[in-house]
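Next come the chains, spelled out residue by residue.
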Amino acid sequence: LQLVESGGGLVRPGGSLRLSCTGSGSALDSLTIAWFRQAPGREREAVSCVASRDKITIYADSVRGRFTASRDNAKNTVYLQMDNLDPEDTAVYYCAAAPGWVSTFFALRQEVHTWGQGTQVTVSS
């Protein structure tokens, strides 16, 4: 399995971006796909997790209500729609894959087995 992110860039505060995570070598619909981000000098944090088995999506408190994760199984792609962006959202965003039963951030941290290369998101006026 390989994961490739795209869609990052520079956006003004209050703006929107949509990140894509496309898989190759394996179908993503049987996996839990998560989005993480890492800002300079800070630890990598999970922001969203789309679980396969339980068909649920969870979000970190810092992005709930502004970010929306979704799947397009036909395109083997998971998206992260980011609205009302804030400079605090500036980071490198990574997608990651875990077994399909994973549906919590706690389990996610233990079970991620594949990472994408990351895409930079910069929110600045």
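The structure this text deals with has already been given above.
What you see is a predicted model, and the numbers here were worked out from it, not measured in a lab.

Assigned secondary structure in the protein chain consists of one helix and 11 strands. Sequence-ordered secondary structure for the protein chain, helices as α and strands as β, is β-β-β-β-β-β-β-β-β-α-β-β. For 125 residues, the compact-globule estimate of 2.2 N^0.38 gives 14 Å, and the protein chain sits close to it at 13 Å. Taken over the C-alpha atoms alone, the protein chain extends approximately 40 × 30 × 25 Å along its principal axes. Taking all 125 residues of the protein chain together, the buried fraction comes to 47%. Look at the contacts in the protein chain between residues 6 or more apart in sequence, and 60% of them connect residues 24 or more apart. Put simply, the protein chain shows about 6200 Å² of open surface, and 48% of that area lies on carbon and sulfur atoms. Placing the 12 positive and 12 negative side-chain charges of the protein chain at their respective mean positions leaves the two points 3 Å apart.

Moving on, we come to the nonpolar core. Side chains of nonpolar character tend, in soluble globular proteins, to be buried together. The biggest cluster of nonpolar side chains holds 38 residues, and the ones touching the most others in it are Trp-35, Leu-80, Met-82, Tyr-93 and Leu-108. Listing elements by their share of this core, those giving two or more residues are strand E3 (17–24), strand E4 (31–38), strand E5 (45–50), strand E7 (67–72), strand E8 (77–82), strand E9 (91–99), helix H1 (105–111) and strand E11 (119–123).

Quick look at the environment of Glu-43 now. Of note, Glu-43 is situated in the loop between E4 and E5. Considering only alpha carbons, one finds Glu-43 and Leu-1, 42 residues apart in sequence, at a separation of 25 Å.

Taken as a whole, this structure holds one disulfide when the rule is applied. Through a disulfide, Cys-21 is tied to Cys-95; the S-S separation comes to 2.1 Å. In this structure the cystine formed by Cys-21 and Cys-95 twists about its S-S bond by roughly 70°; its chirality is therefore right-handed. Here Cys-21, found in strand E3, pairs with Cys-95, found in strand E9; they are 74 residues apart in sequence, far enough to count as distant. Note on accessibility: Cys-21 and Cys-95 belong to one class, buried. Between Cys-49, a cysteine without a disulfide, and Cys-21, which holds the nearest cysteine sulfur, the sulfur-to-sulfur distance is 12 Å.

The subject of this paragraph is the side chain of Arg-37. In this structure, Arg-37 sits in strand E4. A distance of 2.9 Å separates a polar atom in the side chain of Arg-37 from a polar atom in the side chain of Asp-89. Of the polar contacts made by the side chain of Arg-37, one reaches the side chain of Tyr-93; its length is 3.0 Å. Dropping the residues within four chain positions of it, Arg-37 is found in contact with Glu-43, Arg-44, Glu-45, Val-47, Ser-62, Val-63, Phe-67, Glu-88, Asp-89, Ala-91, Val-92 and Tyr-93.

With that settled, consider the pattern of salt bridges. Evaluated as defined, the whole model comprises five salt bridges. As a salt-bridge pair, Glu-45 and Arg-37 come within 2.7 Å of each other at their nearest N and O atoms. For Arg-37, a relative accessible area of 7% gives the class buried. The closest approach of N and O atoms between Asp-61 and Arg-64, which form a salt bridge, is 2.6 Å. Look at Asp-61 and you get exposed, because its relative accessible area is 65%.

Procedures and definitions
- Residues numbered from 1 in each chain as written.
- Predicted model: local features only at pLDDT ≥ 70, side-chain atom pairs only at ≥ 80, totals over all residues.
- Heavy atoms only, no water.
- Helix = DSSP H or I, 4+ residues; strand = E, 2+ residues; numbered from the N terminus.
- Rg over C-alpha atoms; globule rule 2.2 N^0.38 Å.
- Buried < 20%, exposed > 50% of the residue type's maximum accessible area, 1.4 Å probe, protein only.
- Contact = heavy atoms within 4.5 Å.
- Areas by Shrake-Rupley, 256 points an atom, 1.4 Å probe, with all protein chains shown as cover.
- Lys, Arg positive; Asp, Glu negative; His and termini not counted.
- Charge placed at Lys NZ, Arg CZ, Asp CG, Glu CD.
- Core = buried A, V, L, I, M, F, W, Y, C linked by side-chain atoms within 4.5 Å.
- Disulfide = S-S within 2.5 Å.
- Polar contact = N/O pair within 3.5 Å; in protein donor to acceptor, adjacent residues only side chain to side chain.
- Salt bridge = Lys/Arg side-chain N within 4 Å of Asp/Glu carboxyl O.

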